Amino acid sequence: MHNIKPFPQPVYITQPLLPDIDDVKNMLSTIWQSKQLTNNGRMAIQLEKELAGFLKVNHLSLFSNGTVALQLAFRVLGLTGEVITTPFTFAATTHALVLNNLEPVFCDIEEDTFNINPDKIEALITPETTAILPVHVFGTPCKMDKIQRIAEKHGLKVVYDAAHAFGVEVTGRSIGSFGDISMFSFHATKIYHTIEGGALTFNDRHLKERADSLRNFGIKSEEFVAEPGTNGKMNELQAAVGILLLQIVGDEIKRRKEITGLYRELLKEIPGISFYGDMDGVTHNYPYFVIRVNKDYFGMSRNELYTLLKGYNIFSRKYFYPLCSQFPCYKNLPSASKDNLPIAENVVEEVLSLPLHGRLTNEEVEKICEIIIYKM
Ligand code: T4K
């Protein structure tokens, strides 16, 4: 009855947004003429300024990637001891803490947003806690007001991992303006990218100055190195791609919104398949389309659906399975116990991210949904 053939070419979870190749060649020729390839060149300075405007933040610093940016954010704030964070995230979030000699303390997540549950943070605070590191998972904003109140009450810093949240706003306010520092990733798999790249955003100018120094070895002048820094600079080629993509990322988000709407429409009445909708007052960016698969009602587990789709050349992803707290390097931490993370442990077995990017056609989305609906 439903004779669906596999896609002739692999359909990946994402495909990078690419600038016009002739525009890239023009940018390259400008860079070639200037001979300035990196170290805070013209392109990087221009992109930093344009991005701060686009993201409506007071101060912004560019980095070679999001992970380095996050590691330096902790250094900028002088964090020590323990940091309360979510286990439901990409490995980089937790690794960035540990690479800075900070101990991750895992807090459970909310059932409806997959973000850190602020109601469970206070019980995890000890005299060693210096900060909270929430993640706006899949671009969904955390409960920033609650988190800020807890942080102020206990004298903690807040660093947001906003890797997925490019362009998200809450009642007109940039997601990057909450907390002490936010980190954005500009990796090729993100809505907006610089091939590899990242940024930190700040309200306090002094924090930006410190971050700028730390990304350039702590060098203040030719003859004065103030502190141990690293090499976290964005080069001119990355920045050039970023300048070009900033001009078209708005259209990418619009198209992703349409595709998300189509997925929601086609999958809305399938028993055992659920997903969340838009939030009131939030400008979303649609980075991932994530479904939750309840085997009892759908008749197939998340893993079985993942394998079924693969047979059709569709490469969905189990983001973020396994939980960071399940990694061999973290599973023995006291906060990594299953009892501490009941919601995260359950959610991570059921989530599946379906292909979503601006080049996906409606026909492709319809076919993906048909395969899911008929479990063919
Ligand atoms: N915090 C959070 C919450 C994050 O999600 C991330 C990164 C970070 C921090 C760290 O930021 P960065 O240091 O990366 O800036 C990808 C990305 O590598 C990673 O940046 C991202 N999160 C994570 C969620 O996804 P993988 O291992 O899933 O990527 P990969 O290579 O399997 O790519 C996925 C699909 O995308 C491929 O099947 C095909 C397609 N693709 C990928 C690349 C790289 C392309 O078509 N072209 C490409 O160039 O990690």
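Residues numbered from 1 in each chain as written. Predicted model: local features only at pLDDT ≥ 70, side-chain atom pairs only at ≥ 80, totals over all residues. Heavy atoms only, no water.

1. Description of the sheet that holds strand E14 (residues 282–283)
Then step 1. Strand order in the open sheet formed by three strands is E8-E7-E14, and the pairing between neighbours is antiparallel. Among the strands making up the open sheet, the edge pair consists of strand E8 (173–174) and E14. (Pairing = 2+ DSSP bridges. Helix = DSSP H or I, 4+ residues; strand = E, 2+ residues; numbered from the N terminus.)

2. A look at the state of the cysteines
Then step 1. Scanning all chains against the criterion turns up zero disulfides.
Then step 2. Cys324 provides the cysteine sulfur closest to Cys329, a residue in no disulfide bond, and the two sulfurs are 8.6 Å apart. (Disulfide = S-S within 2.5 Å.)

3. A few points about the environment of Lys220
Then step 1. Relative to the elements of secondary structure, Lys220 occurs in strand E11 (residues 219–221).
Then step 2. Along the sequence, Lys220 and Tyr330 sit 110 residues apart, while their C-alpha atoms lie 37 Å from each other.
Then step 3. With residues near it in sequence (within four places) discarded, Lys220 still touches Ser213 and Ala226. (Contact = heavy atoms within 4.5 Å.)

4. Some words on the packing of aromatic side chains
Then step 1. Throughout the structure, instances matching the rule amount to 18 aromatic pairs.
Then step 2. For the ring pair Phe114 and Phe138, a centre distance of 6.4 Å and an interplane angle of 80° mean the geometry is edge-to-face. On the criterion of sequence distance, the pair formed by Phe114 in the loop between strand E4 (103–106) and strand E5 (129–133) and Phe138 in the loop between E5 and helix H5 (144–154) is long-range, its members being 24 residues apart.
Then step 3. Accessibility expressed as a relative area gives 5% for Phe138, which makes it buried.
Then step 4. Ring pairs connect the aromatic residues Phe88, Phe90, Phe114, Phe138, Tyr276, Tyr288, Tyr319 and Phe320, which therefore count as one cluster.
Then step 5. Positioned over the ring face of Phe178 is Arg173, at 3.8 Å from the centre of the ring.
Then step 6. Just above the ring of Phe298 sits the side chain of Lys375; from NZ or CZ to the centre is 4.4 Å. (Phe/Tyr/Trp six-rings, centres within 6.5 Å; stacked < 30°, edge-to-face > 60°. Buried < 20%, exposed > 50% of the residue type's maximum accessible area, 1.4 Å probe, protein only. Lys NZ or Arg CZ within 6 Å of the ring centre and 35° of its normal.)

5. A short note on the environment of Glu128
Then step 1. By the secondary structure assignment, Glu128 is in the loop between E4 and E5.
Then step 2. Along the sequence, Glu128 and Phe184 sit 56 residues apart, while their C-alpha atoms lie 27 Å from each other.
Then step 3. Setting aside its immediate chain neighbours within four residues, Glu128 contacts Thr80, Gly81 and Glu82.

6. Concerning the site of the ligand
Then step 1. In the vicinity of the ligand there are 25 residues, among which Thr67, Asp161, His164, Ser185 and Tyr319 approach most closely.
Then step 2. Between His187 and the ligand, the recorded distance is 3.3 Å, taken from a side-chain N or O atom to an oxygen atom.
Then step 3. A distance of 2.8 Å separates an oxygen atom of the ligand from a polar atom in the side chain of Arg317.
Then step 4. Burial of the ligand by the protein amounts to 75% of the accessible area it has alone, namely 920 Å². (Near = heavy atom within 4 Å. Polar contact = N/O pair within 3.5 Å; in protein donor to acceptor, adjacent residues only side chain to side chain. Areas by Shrake-Rupley, 256 points an atom, 1.4 Å probe, with all protein chains shown as cover.)

7. Examining the pairing of strand E9 (residues 181–185)
Then step 1. The buried fraction of E9 amounts to five of the five residues, a majority that puts the element mostly inside the structure.
Then step 2. Residues Ile181, Met183 and Ser185 line one face of E9 and the alternating positions Ser182 and Phe184 line the opposite face, and both faces are buried.
Then step 3. For strand E6 (residues 157–161) and E9, the ladder comprises three bridges, and the chain directions are parallel. Across the sheet, the residue bridging to Asp161 is Met183, located in E9.
Then step 4. Summarising the sheet, E9 and strand E10 (residues 198–202) pair through five bridges and their orientation is antiparallel. The partner of Ile181 across the bridge, within E10, is Phe202.

8. Considerations on the nonpolar core
Then step 1. Membership of the largest hydrophobic core comes to 53 residues, with the highest contact counts inside it found for Leu47, Leu51, Ile121, Phe186 and Tyr192.
Then step 2. When residues of this core are traced back to their parent elements, those giving at least two are helix H1 (21–34), helix H2 (42–54), strand E2 (59–63), H5, E6, helix H7 (236–246) and helix H8 (249–267).
Then step 3. Tallying contributions element by element places H7 first for this core, with seven residues.
Then step 4. If near-sequence neighbours (up to four positions away) are discounted, Phe186 is found in contact with Leu51, Leu62, Phe166, Tyr192, His193, Thr194, Ile195, Glu196, Gly197, Gly198, Ala199 and Met234.
Then step 5. Counting residues in each nonpolar core, the second largest holds 29 residues, with Phe7, Val11, Leu262 and Met300 among its members. (Core = buried A, V, L, I, M, F, W, Y, C linked by side-chain atoms within 4.5 Å.)

9. Side note on the sheet that holds strand E17 (residues 351–354)
Then step 1. Read across the open sheet, the three strands follow the order E13-E15-E17; overall the sheet is antiparallel. The open sheet is flanked by strand E13 (273–274) and E17, the only strands paired with a single partner.
Then step 2. With four bridges connecting them, strand E15 (residues 289–293) and E17 associate as antiparallel partners. When the sheet's bridge partners are listed, Val290 is paired in E17 with Ser353.
Then step 3. Strand contacts of helix H10 (residues 302–311): E15 and E17, with the helix running at about 25° to E17, the strand carrying the most contacts. (Axes fitted to C-alpha atoms, helices over the stretch in contact; angles between N-to-C directions.)

10. Remarks on the pairing of E4
Then step 1. Bridge count for strand E3 (residues 82–85) against E4 is four bridges, and the pairing is parallel. Note that in E4 the partner of Glu82 across the bridge is Glu103.
Then step 2. Between the parallel pair E3 and E4, the chain is carried across by helix H4 (residues 91–98), and the sense of this crossover is right-handed. (Right-handed = clockwise from strand over helix to strand, strands pointing away.)

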